[in-house]
Amino acid sequence: MRTRPLDLVAPALVTALLIGCGGSTPAPTAATASATPTEAPAGRATQPEFDAAQDEGSASDAKREEAAASAPDAAPAAEAAPPPALPVAAAPVAPSPGPAQSRATKAGAAPGADARVRVTGGAPAPKKAPAPAATAVARPAAPPPAVAVTAPEPQGSETYRDYGVNPVEDPAKDRLSTFAIDVDTASYAIARRKIMDGALPPYQAVRAEEFLNYFDYGYASPATGPFAVHLAAAPSPFTSGHHLVRVAVQGKRVPLKERTPVHLVYLVDTSGSMQSPDKIELAKKSLKMLTDTLKPGDTVALCTYAGSVREVLAPTGIESKGKILAALADLTAGGSTAMSSGIDLAYSLAERTLVKGHVNRVIVLSDGDANVGPTSHDEILKTIKRARDKGITLSTVGFGQGNYKDLMMEQLANQGDGNYAYIDSEAQARRVFSEQVGGMLQVIARDVKIQVEFDPSFVKSYRLIGYENRDVADRDFRNDKVDAGEIGAGHSVTAIYDVELKATAPKGEGAAPVVVRLRHKAPLGSNTAEETLVKMAPGAIAPTFDAAPADFRFASAVAGFAEVLRHSPHARSWRLADIEKIARAAASSKGDQQEFIGIIRRAGALANGKTDAVAVNAD
């Protein structure tokens, strides 16, 4: 899950925090006050307005490297408005995006290097001088009717990063798709809350992989080893002549009695911005649920950060659970925020109970709206990395809205080799900290990378839906020094590709349109990785979409919903009503899958400008 080098992650985080936390930024001018602040690293183009005409396909690695080398030194001017919404009625399929919309180059550029930071409210981001050669992207004179309407500007500020949309790839030029495991789910929870509150989420807040990985599809557990790989494919219900290919990884489930002992440090933001029932009070309830799942041999420490930091509870065995719960109950919010000092204290507490072979983890609970204090943002990330190398991981749990800093919370967890979740209700807290807590507390595989190979004899083109900020250079797949993602007990990971197959394909023994390789390290011990290979037989492709397994069809609906919400140029003709029908036909009786059907319907009502959106539990 951690694929971005530290020196490339830090600048983006610094900018976001300075904007959201009142850091030193230039005073807004009359010209900039009305524009949405955006940022793109020097020498890389921002993602163009997605309704502008784009060249079909994407550049090869060599062309992308050449383009990056010759790009102007200064960043392009900020765009004045977000992309327009998608059409309600079916429309001709849009041309595929060009290189400017592509993911990080396979030559090793950082994922999201051409991404934009979206900030609503607050002070504008520092602007770089526009490059002389930069030109504005023309917008059409008469945009089509809306299918998705960006959420209104909230009171306060929220920070999200637009990682762009993966390009269409030609396997004859690049047959390998390589990315790191991601098991975060925060993006879906944030989008769900906004839809339930009556507005569609900002498109930058939608990460397709976190939508897909929110749901449990009931994949079979591995017979042996840490995980099982499940492959499936069927004709696409969205684009005629295309297929969807699903790559799924299911981690083994570990019974509570067999779980490795854990040593947790709860680091709770008690600053003034956390003063609301859906923040500090919900955080306290969440930690109580987590504490109730612990067993003898586990320990908990508690510290807080606001205007100053405080050690509330030294490392305490779960045998004294009453003492832990009493300390949680006494937490209150108020004051400014000094996150860096809080993280230092949390790691200091974690080192007291650091045991090789056990799980040692700091859990940060915050709205992300933090002035980190005297230590620089670069130093915070270095601190997290040093602790990670010692065996102390870090997870983040987000709360609240209006001033929420998604970018910060996501990147802290990425650097800390932990999970990132968002809590908006007691039901969501129960899901994360009780029903699925095994994934947070028990790591079964480290540095997990996936490489999917598409045979150009079978495949004409392919595109990975999501995982834009998890990209790994193909050459680094077997470089065991490159950090990747972790799989916890019971975790499942789902990736979906939009694939165009050739009319004729070779036959015979050993023929495989798709080959999947997984590389991972054991949770403890050796840093040498093991590799697993799984082939998809041509006969495994379902003849029709309706003939595909229900879990495949439901995941297809989830991916389609994310594509529409994030304004993907590939989903311009996709209709929410069709996605709802797919979800309804494929959903199991599980509560979250049934809820998803209603959320699509509500989003459709909101997209068409209605304020009386259909209730989620409606028939």
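Residues numbered from 1 in each chain as written. Predicted model: local features only at pLDDT ≥ 70, side-chain atom pairs only at ≥ 80, totals over all residues. Heavy atoms only, no water.

A. Local environment of the overall build of the protein chain. A tally of regular secondary structure across the protein chain gives 15 helices and 17 strands. Classification of the 619 residues of the protein chain by burial places 60% in the buried group. Of all intrachain contacts in the protein chain linking residues separated by at least 6 positions in sequence, the fraction that spans at least 24 positions is 84%. Surface accessibility of the protein chain: about 22800 Å² in total, with carbon and sulfur atoms responsible for 54%. (Helix = DSSP H or I, 4+ residues; strand = E, 2+ residues; numbered from the N terminus. Buried < 20%, exposed > 50% of the residue type's maximum accessible area, 1.4 Å probe, protein only. Contact = heavy atoms within 4.5 Å. Areas by Shrake-Rupley, 256 points an atom, 1.4 Å probe, with all protein chains shown as cover.)

B. Geometry of the sheet that holds strand β11 (residues 420-423). Taken together, the six strands give an open sheet; going across it, the order is β8-β7-β6-β9-β10-β11, and neighbouring strands pair in mixed fashion. What marks the edges here is a single partner per strand, and that holds for β8 (309-317) and β11. In this sheet, adjacent strand axes meet at a mean angle of 20° when their direction is disregarded. Sheet topology note: the strand β6 (residues 262-269)/strand β7 (residues 299-305) ladder contains seven bridges and is parallel. Within β7, the residue paired with Y266 across the bridge is L302. The strands touched by helix α7 (residues 321-329) within the sheet are β6, β7 and β8, with β8 carrying the most contacts at an inclination of about 160°. Helix-sheet contacts for helix α10 (residues 406-415) involve β9 (359-366), β10 (392-399) and β11, and the interaxial angle to β10 is about 160°. (Pairing = 2+ DSSP bridges. Axes fitted to C-alpha atoms, helices over the stretch in contact; angles between N-to-C directions.)

C. Region of interest: the packing of aromatic side chains. Under the counting rule described, the total for this entry stands at 19 aromatic pairs. Ring plane angle 45° and centroid distance 4.5 Å describe the contact between Y188 and Y214, whose orientation is recorded as tilted. Residue Y188 is found in helix α4 (residues 186-196), and its partner Y214 is found in the loop between α5 (208-212) and β4 (227-235); the two are separated by 26 residues along the sequence. For Y188, a relative accessible area of 1% corresponds to the buried category. An angle of 75° between the planes, with centres 5.2 Å apart, marks the rings of Y214 and F215 as edge-to-face. The ring centre of Y214 lies 3.8 Å from the NZ or CZ of R431, which sits over that ring. (Phe/Tyr/Trp six-rings, centres within 6.5 Å; stacked < 30°, edge-to-face > 60°. Lys NZ or Arg CZ within 6 Å of the ring centre and 35° of its normal.)

D. Layout of the nonpolar core. If you look at the biggest cluster of nonpolar residues, it comprises 47 residues, and the most contacted ones within it are F211, F554, F561 and F596. Sort the elements by how many residues they give to this core and helix α13 (residues 550-565) lands first, with 10 residues. With 34 residues, the next largest nonpolar core counts I280, L282, L328 and V437 among its residues. (Core = buried A, V, L, I, M, F, W, Y, C linked by side-chain atoms within 4.5 Å.)

E. Expanded view of the environment of I324. Position of I324 relative to the elements: it lies in helix α7. The spacing of I324 and L302 is 22 residues in sequence and 8.2 Å in space, taken between C-alpha atoms. Not counting residues up to four positions away in its chain, the partners in contact with I324 are T291, V300, L313, T316, G317 and I318.

F. Local environment of the sheet that holds strand β15 (residues 492-501). The four strands are arranged β4-β5-β15-β13 in an open sheet whose pairing can be described as antiparallel. Only two strands of the sheet have a single neighbouring strand rather than two, namely β4 and β13 (459-465). Each strand axis lies, on average, 20° off the axis of its neighbour in the sheet, ignoring direction. Examined bridge by bridge, β4 and strand β5 (residues 243-251) share nine bridges and lie antiparallel to one another. In the strand pairing of β5, H230 is matched with A248.

G. Geometry of the side chain of E158. Tracing the backbone through its elements, the reader meets E158 in strand β2 (residues 158-162). Taking the relative accessible area as the measure of exposure, E158 reaches 2% and is therefore buried. In this structure the side chain of E158 is engaged in a polar contact, spanning 3.1 Å, whose partner is the side chain of K194. In terms of polar contacts, E158 uses its side chain to reach the backbone amide nitrogen of G402, at 2.5 Å. (Polar contact = N/O pair within 3.5 Å; in protein donor to acceptor, adjacent residues only side chain to side chain.)

H. Representation of the confidence of the model for the protein chain in the model. Of all residues in the protein chain, 70% have pLDDT values of 70 or greater, and the mean over the chain is 78. Ignoring residues within four places in sequence, the model shows residues 1-155, a span with pLDDT below 50, making 337 contacts including any to other chains. The model gives residues 615-619 a pLDDT under 50, and that stretch makes nine contacts with residues more than four places away or in other chains. (pLDDT = per-residue confidence, 0-100.)

I. Broad picture of α13. Here α13 is 16 residues long and its end C-alpha atoms lie 23 Å apart, about the 22 Å a rise of 1.5 Å per residue gives. Burial runs high along α13: 14 of the 16 residues are buried. Of the residues trailing α13, H567 is marked for its positive phi of about 60°. (Expected span 1.5 Å × (residues − 1).)

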